[in-house]
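Next come the chains, spelled out residue by residue.
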Amino acid sequence: MKNVKFIYLYFLSGVLFLILSGAYYSTEDSNLTPVFASIGFAIISISFVLLSRSKSCKSKNNNSE
C-alpha cells in the first residue's frame, strides 16, 4: 500500500468494527460481539504495521538520495 490515505481508511474500518461490536453487545444478540471485536482489533493492528512499514520505506528512500 503506497498511499497513506488507504491505510487510514483501513484503520477507520477497524474502528467501525469495534463500534459495531459495542452496538451488538447492547442488544440481545451479543454472540457476535467477540467476532466483531476480534476483526476490529486485527484490522487496526494490520493498519499500524502497514503504516510503520510505509514510514520506514519513506525514510530509507530519503536517506539513500
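Our subject is the structure listed above.
Residues numbered from 1 in each chain as written. Predicted model: local features only at pLDDT ≥ 70, side-chain atom pairs only at ≥ 80, totals over all residues. Heavy atoms only, no water.

**Q** Account for the overall build of the protein chain, naming residues and giving values.
**A** Each helix and strand in the protein chain was counted, giving two helices and zero strands. Its C-alpha atoms give the protein chain a radius of gyration of 16 Å, clearly above 11 Å, the size a compact globule of 65 residues would have. With the principal axes as the frame, the protein chain shows a C-alpha extent of 60 × 15 × 10 Å. Across the 65 residues of the protein chain, 20% fall into the buried class. Sequence separation of at least 24 residues holds for 58% of the intrachain contacts in the protein chain that already meet a minimum separation of 6. Put simply, the protein chain shows about 5,000 Å² of open surface, and 66% of that area lies on carbon and sulfur atoms. (Helix = DSSP H or I, 4+ residues; strand = E, 2+ residues; numbered from the N terminus. Rg over C-alpha atoms; globule rule 2.2 N^0.38 Å. Buried < 20%, exposed > 50% of the residue type's maximum accessible area, 1.4 Å probe, protein only. Contact = heavy atoms within 4.5 Å. Areas by Shrake-Rupley, 256 points an atom, 1.4 Å probe, with all protein chains shown as cover.)

**Q** Outline the packing of aromatic side chains, supporting the account with residue identities and numerical values.
**A** Tallying each qualifying case throughout the model produces two aromatic pairs. Between Phe-11 and Phe-48, the ring centres sit 5.5 Å apart and the planes meet at 45°, which makes this aromatic pair tilted. Of this pair, Phe-11 sits in helix H1 (residues 4-26) while Phe-48 sits in helix H2 (residues 33-64); the two residues are 37 residues apart in sequence, bridging distant segments of the chain. Residue classification places Phe-11 among the partly exposed positions, given a relative accessible area of 26%. (Phe/Tyr/Trp six-rings, centres within 6.5 Å; stacked < 30°, edge-to-face > 60°.)

**Q** Quick rundown of a nonpolar patch on the surface? Include the residues and the values.
**A** A contiguous nonpolar patch, built from Leu-32, Val-35 and Ile-39 and spanning about 200 Å² of accessible area, is present on the exposed surface. Summarising the element assignment, Ile-39 is placed in helix H2. (Patch = residues over 30% accessible without salt bridge, like charges linked within 9 Å, V, L, I, M, F, W, Y side chains within 5 Å. Salt bridge = Lys/Arg side-chain N within 4 Å of Asp/Glu carboxyl O.)

**Q** Outline H1, supporting the account with residue identities and numerical values.
**A** Across its 23 residues, H1 extends 34 Å between first and last C-alpha, which sits within 8% of the 33 Å expected from 1.5 Å per residue. For H1, the set of buried residues is Val-4, Ile-7, Gly-14 and Ser-21. (Expected span 1.5 Å × (residues − 1).)

**Q** Any details on the environment of Ala-37? Residues and values, ideally.
**A** Mapping Ala-37 onto the fold places it in helix H2. Judged by relative accessible area, Ala-37 falls into the buried class, the value being 18%. Sequence spacing of Ala-37 and Leu-18 is 19 residues, and the spatial spacing of their C-alpha atoms is 5.2 Å. Beyond its immediate sequence surroundings of up to four residues, Ala-37 is in contact with Leu-18 and Ser-21.

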